[in-house]
Every structure is written in C-alpha cells, then in structure tokens.
Amino acid sequence: MSGEVGSRTSDSGERSAIAVCLLGSTGSIGTQTLDVIRNQPERFEVAVLGAASSVDTLGAQVREFHPKAVAIADSSLAGTLARNVPPGTEVLAGTEGLEQAAQIGDVVLNAVVGFAGLPVTLVALHAGKRLALANKESLVAGAPIVQRARRTQGAEIVPVDSEHCALHQCMRAGLGPDEVARLILTASGGPFRGRASGELEGVSVSEALAHPTWRMGPKVTVDSSTLMNKGLEVIEAHELFGVDYDRIEVIVHPQSVVHSMVAFSDGAVLAQLSEPDMRLPIGYALGYPRRLRHAFGAIDWSTMFHLDFEPPDRKVFACLGLAEQAGREGGLAPAWLNAGNEVAVSAFLDGRIAWGAIAEVVADTLESFDHAVVCEAADVIEADRRARRCADKAVQHRERST
Ligand code: MG
C-alpha cells in the first residue's frame, strides 16, 4: 500500500515509495538488499542499480526491478549490459557512471567492496543524500574528506555494518555529549577463534572463508578471520559517533546475537539483539527513521541458548592492534592500513601468501607511512596508491615459492 508512514513526501504532497540507489548490487549485501526490497515493494522502489563487472547478474536484476538507470564500473561491458536490459533503461559506465548513479534516488546504499567505494560515498554525501553505508573502507580510509562531505545539507550516514547499526539504534534518543561512556563492539571471533599462532600457520583459503555465523563476501570474511574487520570497525565507530579510541572496546561474542552495546554514564548498557541476518540492518538503514514491518533475524526465545563473551587474543590476531594504532595516528594512516590490508587479503586469496603474512604485510605497510597531509580526495587516492606499492613489495618478500 503506498502512503505508508515513513515514505518520502513528493512535491505534490503525495507519499511515495523510497527510491533506492543500490551500488554493488551483485555482491552479498547487494543481493540481500534486493531481498529486503522484494519483501516491501510498497515501501521501496529501485531507482538505479550498479555493479563492478557481473554483467549477467546485473542484467537479470534490472529485468526484475526495472530501475530507470543501471551502472557498470567496467565500461568495456556497457554494450553487453545494454543488450541485456529493457529498452529505455539508461546505461551508465565507468567510474563516472557510478558517480552519476550515486546522485539518483532518496537513499544511496553503498555496497561496493573496498577502497573502490570512496567516490560513491563522497558523491552521495555531496549530493545531500542519505547514505546507507555498507562500505566501511571509504569512511576508514577517506575519513578527513568524508567527514567534510558529511556536513553537506541533507547528507546523513546511516550505517549498514551490523555493529554500527546496533550502536546507532542504541543511541537514537536525544543524548547529551557526556552521557555515552563507552562503545562495546562485538566480534564473532571468526573461524580461528581460540587457536594458537602455531595452529594457524598452514590454514587454507577455504578454512578462512568458513565463517561460523555470517554469510558474507570473501574480502570481509578473510578480514573477519584476522580480526582486521573489527579493527576497521573500531575506526568506523570512532568516525561515525565521534567517541575517542580510549572509550571503544572490542569483545568477542561467538554467537553474533548481540550486535554491539553502548555503556552510559549511569552504568546502564543497551544492546541490540537479533539472529545474524544482514537484512535487518539493511532494512533499518533504507527505511530510517521508520522500522520495517517485516522481521528479519527475530530470536526464538522459547529455546534455551547461551550468550558468551571473552576478550580478543591480540597476540594471535595482531591486525586488531594495528588498526587501532592507525586509527589513533589519524590523518592518512588508516588509508595506508586499509591499502596494505586489501593488497594482503587479495594475495592470500590468490594463494600467494600465508594467512599469518597478512598482518605482517599490513605492519610493513604502516611502517612506511609517510605522514602526508590530506586536503582533498586526490590526496587519499595518492596515499592509497603509494601504500599499495609498499604492500606489493611486502607481499613479494613473503611470497610462497609453490
Ligand atoms: Mg560488521
């Protein structure tokens, strides 16, 4: 039914569905976003879809959801895509195409993977859009310029990352500046929780990709196995909520039911609980400030279950400390951290380096951080390029001979 509470009001005064721009539509978050929209067709409509290169999946999505426009980052595939979508659909191509797409719709869901998501984040904020942010790397690496873009009138970030979405939900009421004492980020611990360093030397790619609770894309799943994902999320939390690093805590919670917690000045702690299902935070970010009417990840309280918490093993999972160190350093240090990690994870997925070498490559990359000053987007892109060069060298140094 159109006219539901929470829909945007058009110029003519009629309420209409929220127009969603979904970039990164063929990945794990992208396909789950389309599932949320499929469940609430009266609430949401797809204005534009975009992907890096998965042209067949993207074509099929366009034929199902009928957006006005579709964007493909690999411009050599634009012709193939055009032949695969209904006539009249505007086909946008290349980085410029993705940037054009990010200006369409009421809410932009950035589900691009990695640093490549930075232009989408910046364009959406500069266009005064609500940004449903699943691409944490753009905020982590580009924080100084993303924060500036965030001050654009109408611009707003609602996190899709489940931990930050939980924090956002716990901090919704009008809080005073001193009322939040600590942010407590929960981590599943990944597939290697409880293992000693010696046991992790020979782990395979498929072992690292076997996440115990979440179904996610390969990059974030490997990040989860090293706890770099949690490290990036500490920086993300600092940037989103403006809480000092001394007041952001990480705790391992293997069930992934408590998605994060906020401790307040009076000793109260609020948490958001649900079964691990990304469709809940996706729906929250798309529909904010109104909640979805369809429940995802609802807990069955009639069966007995346990919630466990334990401190992270910072020796075995050195990436967590490296990320915190880069976050405290600030400026472009997180951009160097992120670039080092993207290069290392990709080398691990290609079988070029061992799992344990990921943290070493990141540490070496951060050692080379040159403290350059950031003024504009080009400075972040340049820092990323230089950091990748250092990380490539660190990878070559540790490359497996087989
Ligand atoms: Mg997360």
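Residues numbered from 1 in each chain as written. Predicted model: local features only at pLDDT ≥ 70, side-chain atom pairs only at ≥ 80, totals over all residues. Heavy atoms only, no water.

Asks: When you look at the packing of aromatic side chains in this model, what are you seeing that I'm missing?
Replies: In this description, a pair of aromatic rings is defined by centroid distance and the angle of the planes. Enumeration according to the criterion identifies five aromatic pairs in this entry. Ring centres of Phe192 and Trp355 lie 5.2 Å apart, and the angle between their planes is 85 degrees; this geometry places the pair in the edge-to-face category. Here Phe192 is found in the loop between strand S10 (180-187) and helix H9 (205-208), whereas its partner Trp355 is found in the loop between helix H14 (333-349) and helix H15 (357-367), with 163 residues between them in sequence. As far as the burial class goes, Phe192 and Trp355 line up, both buried. (Phe/Tyr/Trp six-rings, centres within 6.5 Å; stacked < 30°, edge-to-face > 60°. Helix = DSSP H or I, 4+ residues; strand = E, 2+ residues; numbered from the N terminus. Buried < 20%, exposed > 50% of the residue type's maximum accessible area, 1.4 Å probe, protein only.)

Asks: When you look at a nonpolar patch on the surface in this model, what are you seeing that I'm missing?
Replies: On the surface, Leu273, Trp301, Phe305, Leu307 and Phe309 cluster together to form a nonpolar patch covering roughly 470 Å² of accessible area. Note on placement: Phe305 falls in the loop between helix H12 (279-287) and helix H13 (318-329). On the basis of relative accessible area, Phe305 is assigned to the partly exposed category, the value being 31%. (Patch = residues over 30% accessible without salt bridge, like charges linked within 9 Å, V, L, I, M, F, W, Y side chains within 5 Å. Areas by Shrake-Rupley, 256 points an atom, 1.4 Å probe, with all protein chains shown as cover. Salt bridge = Lys/Arg side-chain N within 4 Å of Asp/Glu carboxyl O.)

Asks: What should I look at first to understand the coordination of the magnesium ion in this one?
Replies: Taken together, Asp161 (OD), Glu163 (OE) and Glu233 (OE) make up the full set of protein donors to the magnesium ion, lying 2.1 Å away. Counting residues between consecutive donors of the magnesium ion along the chain gives the motif D-x1-E-x69-E. The residues Asp161 and Glu163 share a single accessibility class, namely buried. (Donors = N, O, S within 2.8 Å, 3.2 Å for Na, K, Ca; no water.)

Asks: Honestly, the packing of H15 against helix H16 (residues 377-398) in this entry has me stumped. Any pointers?
Replies: Two measures define how a pair of helices packs: the angle their axes make with one another and the distance between the axes. The N-to-C vectors of H15 and H16 enclose an angle of 135 degrees; their axes lie 9 Å apart at closest approach. Overall, the two elements H15 and H16 adopt an arrangement that is oblique. In the packing of H15 onto H16, the handedness of the crossing is right-handed. Along the contact surface, H15 presents Ala357, Glu360, Val361, Asp364 and Thr365, while H16 presents Ala387, Cys390, Ala391, Ala394, Val395 and Arg398. Split into classes, the residues belonging to the contact of H15 with H16 amount to seven nonpolar, one polar and three charged. (Axes fitted to C-alpha atoms, helices over the stretch in contact; angles between N-to-C directions. Parallel < 35°, antiparallel > 145°, perpendicular 65-115°, else oblique. Left-handed = near helix turned anticlockwise from the far one by under 90°. Contact = heavy atoms within 4.5 Å. Nonpolar A, V, L, I, M, F, W, Y, C, P; charged D, E, K, R; others polar.)

Asks: What's the story with the pairing of strand S3 (residues 18-23) in this structure? I'm lost.
Replies: Each regular strand displays side chains that alternate between the two surfaces of the sheet. Burial runs high along S3: six of the six residues are buried. Judged by which residues are buried, S3 turns out to be covered on both faces: Ile18, Val20 and Leu22 on one side and Ala19, Cys21 and Leu23 on the other are all buried. With six bridges joining them, S3 and strand S4 (residues 44-51) adopt parallel strand pairing. The residue bridging Leu22 from the neighbouring strand is Leu49, located in S4. Taking the sense of rotation as the criterion, the β-α-β connection linking S3, helix H1 (residues 28-39) and S4 turns out right-handed. Here four bridges tie S3 to strand S7 (residues 107-110), and the two strands are oriented parallel to one another. In the sheet register, Leu23 faces S7, and the bridge partner there is Asn110. (Pairing = 2+ DSSP bridges. Right-handed = clockwise from strand over helix to strand, strands pointing away.)

Asks: What should I look at first to understand the environment of Gly194 in this one?
Replies: With respect to the helices and strands, the residue Gly194 is situated in the loop between S10 and H9. When the C-alpha atoms of Gly194 and Pro312 are compared, they prove to be 9.2 Å apart, with 118 residues separating the residues in sequence.

Asks: I'm lost on the sheet that holds strand S6 (residues 90-93) in this one. Help?
Replies: In a beta sheet, neighbouring strands pair by backbone hydrogen bonds and run either parallel or antiparallel. Sheet architecture is open: seven strands sit in the order S6-S5-S4-S3-S7-S8-S9, paired in parallel fashion. Edge positions in the sheet fall to S6 and strand S9 (156-159), since each of these pairs with one other strand and no more. Adjacent strand axes in the sheet meet at a mean angle of 25 degrees when their direction is disregarded.

Asks: Is there a simple way to explain the sheet that holds strand S13 (residues 269-273) in this structure?
Replies: The four strands are arranged S11-S10-S12-S13 in an open sheet whose pairing can be described as mixed. Each edge of the open sheet is held by one strand with a lone partner, namely strand S11 (248-252) and S13. Recorded for the sheet is a direction-independent mean angle of 20 degrees between the axes of neighbouring strands.

Asks: Would you mind going over the nonpolar core with me for this structure?
Replies: The nonpolar side chains of soluble globular proteins are, as a tendency, buried together. Core analysis: the largest hydrophobic core is formed by 87 residues, its most contacted members being Leu183, Leu337, Ile353 and Trp355. With 10 residues, H14 is the largest single contributor of residues to this core. Residue assignment places this core across two domains, with domain 1 (5-159) and domain 2 (331-402) each supplying three or more. If we ignore the near neighbours within four places in the chain, the residues touching Leu183 are Leu167, Met171, Ala237, Phe241, Val243, Arg247, Ile248, Glu249, Met261 and Val262. With 39 residues, the next largest nonpolar core counts Ile18, Ala78, Ala134 and Tyr288 among its residues. (Core = buried A, V, L, I, M, F, W, Y, C linked by side-chain atoms within 4.5 Å. Domains from an automatic or database assignment.)

Asks: I keep staring at H12 and nothing clicks. Help me out?
Replies: Residues three or four positions apart in an α-helix share a direction because the helix packs 3.6 residues into each turn. Counting buried positions along H12 gives eight out of nine residues, so the element sits mostly inside the fold. Buried within H12 are the following residues: Leu280, Pro281, Ile282, Gly283, Tyr284, Ala285, Leu286 and Gly287.

Limitation: the analysis is restricted to geometry and does not speak to function.
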